[in-house]
Structures are given as C-alpha cells and as structure tokens.
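Inside the fold
Letter by letter, the chains look like this.
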Amino acid sequence: MGVPCTEDAPSGVGGFAWENCGDRRDPVVLQSLSVAPDPISIPGSLRVSAAVNSGKTMASPLKAVLVVEKALGDLWIQLPCIDQLGSCTYNDVCTILDELIPPGTTCPEPLLTYGIPCHCPFKAGSYSLPASDFILPDMELPSWMTNGNYRVRAVVSNGGEELSCVKLAFSLQSQ
C-alpha cells in the first residue's frame, strides 16, 4: 500500500515515502507513487510516476486541506499558510486548476498523452502516469520552505465527504 510513512519515523531520516491515510471507504486511492531524485532538488528535474484509482467522479467544489510539517531536530513543526504555500486549506481545487489552465485549453504534457484530465469533474476510473520528467524552476521559496525533511498530509473532500487522504514524506534541497 505504499512506502511506510509513519508518524513516529525518525526525523533525521530523509527519503521519499507515501501512504493512503483515509479509511477503507475513501473512494479515491493512490495505488503507486515514485519520485526521483531523492532529495528533490530545486531547481532541477523531477521524475514522477503515479497511479490513482477513483471509484467516484470528483466535481467542484473539491476542498483540499494540507498540513505541512518540517523537521527541526527531533521536532516536527507545522508550517503556516503564507501566500498559498504551507499548511493551507484550498476551498475549491477546481477553481485553482481553471486559473492555471484556462478551460478550453488542452491539458499540458504529459497529462495529455496519458489521458489524465486537468479540469473538474474528474471521472471515476483508473489514471496512470508512467515515469515522466517535470522541470522544477528556480523559484523564490520562503526560507522556511528550503532545505530539509518534510511531511505532508493532504485530505480532499466534497460537501463534507472525504474522498482521499494521502501522507507524503520527502526531503528538499534548494540551490
């Protein structure tokens, strides 16, 4: 069910890990996810492969709640939401996607090639992204979002019904 990503994992250990954290009734489940290199380098190239199975169409409003923590020694500190980065609540991911990729525009590669939608509603079904490279540009990240080990818990819901919950652990290395 994924690479173990437990709450009590040693904070000094880097390394990418993920797990589904919803109950077995969650209709949207991450089947696989791999990310390289480890640590993730900004700027740099990121190779991602993933598979998702959705037992339900996901439509607007799609609420996403992110809790982002950074390791400081043996402690995990929850990062605040600043300029839409960090531990934020996004009330409708569909609207954000429409701002990034205007409706009527074709989905960017490699989503287009693999038939992965980039707008709501997301129909029920299986989606698979074979290993694909993405360029992470040199960007001005807040100092609290630079080098280090991170944990993220993402919960996606619609109308109060949890659709998916995923936990990630990863390391960032910025130039």
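Refer to the structure presented above.
So, here's what we can say about the structure. In this text, all values refer to a predicted model and were calculated from it rather than measured experimentally.

Here we take up the overall build of the protein. From N to C terminus, the protein includes one helix and twelve strands. Scaling as 2.2 N^0.38, a compact globule of 175 residues should have a C-alpha radius of gyration of about 16 Å, and the protein matches this with 16 Å. In the protein, buried positions account for 35% of the 175 residues. As presented, the protein carries roughly 9,900 Å² of accessible surface, and 58% of it is formed by carbon and sulfur atoms.

This part is about unusual backbone geometry. Here the amide bond leading from Ala36 into Pro37 is cis, since omega sits at 5°, within 30 degrees of zero. Structurally, Pro37 can be placed in the loop between β2 (28–36) and β3 (40–42). Put simply, Glu109 and Pro110 share a cis peptide bond, and its omega is 0°. Within the secondary structure layout, Pro110 lies in the loop between α1 (93–100) and β10 (125–136). Unusually for a residue other than glycine, Asp83 sits at a positive phi of about 50°. Examined against the element boundaries, Asp83 turns out to sit in the loop between β7 (81–82) and β8 (85–86). Residue classification places Asp83 among the exposed residues on the basis of a relative accessible area of 73%. Look at Gln84: it is not a glycine, yet its phi comes out positive at around 65°. Topologically, Gln84 is positioned in the loop between β7 and β8.

Let us now look at the sheet that holds β2. Across the sheet, which stays open at both edges, the three strands sit in the order β2-β4-β10 with antiparallel pairing between neighbours. Edge positions in the sheet fall to β2 and β10, since each has one partner strand and no second. Across the sheet, the mean angle from the axis of one strand to that of its neighbour is 15°, orientation sign disregarded. As paired elements, strand β4 (residues 44–54) and β10 share ten bridges and run antiparallel to each other. Directly across from Val52, in β10, lies its bridge partner Tyr127.

Let us now look at the pattern of salt bridges. Under the criterion given, the structure shown has five salt bridges. For the salt bridge of Arg47 with Asp133, the shortest nitrogen-to-oxygen distance reads 2.8 Å. One end of the pair, Arg47, is in strand β4; the other, Asp133, is in strand β10, with 86 residues separating them in the sequence. A salt bridge links Glu161 to Lys56; the shortest N-O distance between them is 2.5 Å. Placement of Glu161 in strand β12 (residues 161–174) and of Lys56 in the loop between β4 and β5 (63–72) is noted, with a sequence separation of 105 residues between them. Overall, the relative accessible area of 34% leaves Glu161 in the partly exposed class. The class for Lys56 is partly exposed, based on a relative accessible area of 34%.

Analysis parameters
- Residues numbered from 1 in each chain as written.
- Predicted model: local features only at pLDDT ≥ 70, side-chain atom pairs only at ≥ 80, totals over all residues.
- Heavy atoms only, no water.
- Helix = DSSP H or I, 4+ residues; strand = E, 2+ residues; numbered from the N terminus.
- Rg over C-alpha atoms; globule rule 2.2 N^0.38 Å.
- Buried < 20%, exposed > 50% of the residue type's maximum accessible area, 1.4 Å probe, protein only.
- Areas by Shrake-Rupley, 256 points an atom, 1.4 Å probe, with all protein chains shown as cover.
- Pairing = 2+ DSSP bridges.
- Axes fitted to C-alpha atoms, helices over the stretch in contact; angles between N-to-C directions.
- Salt bridge = Lys/Arg side-chain N within 4 Å of Asp/Glu carboxyl O.

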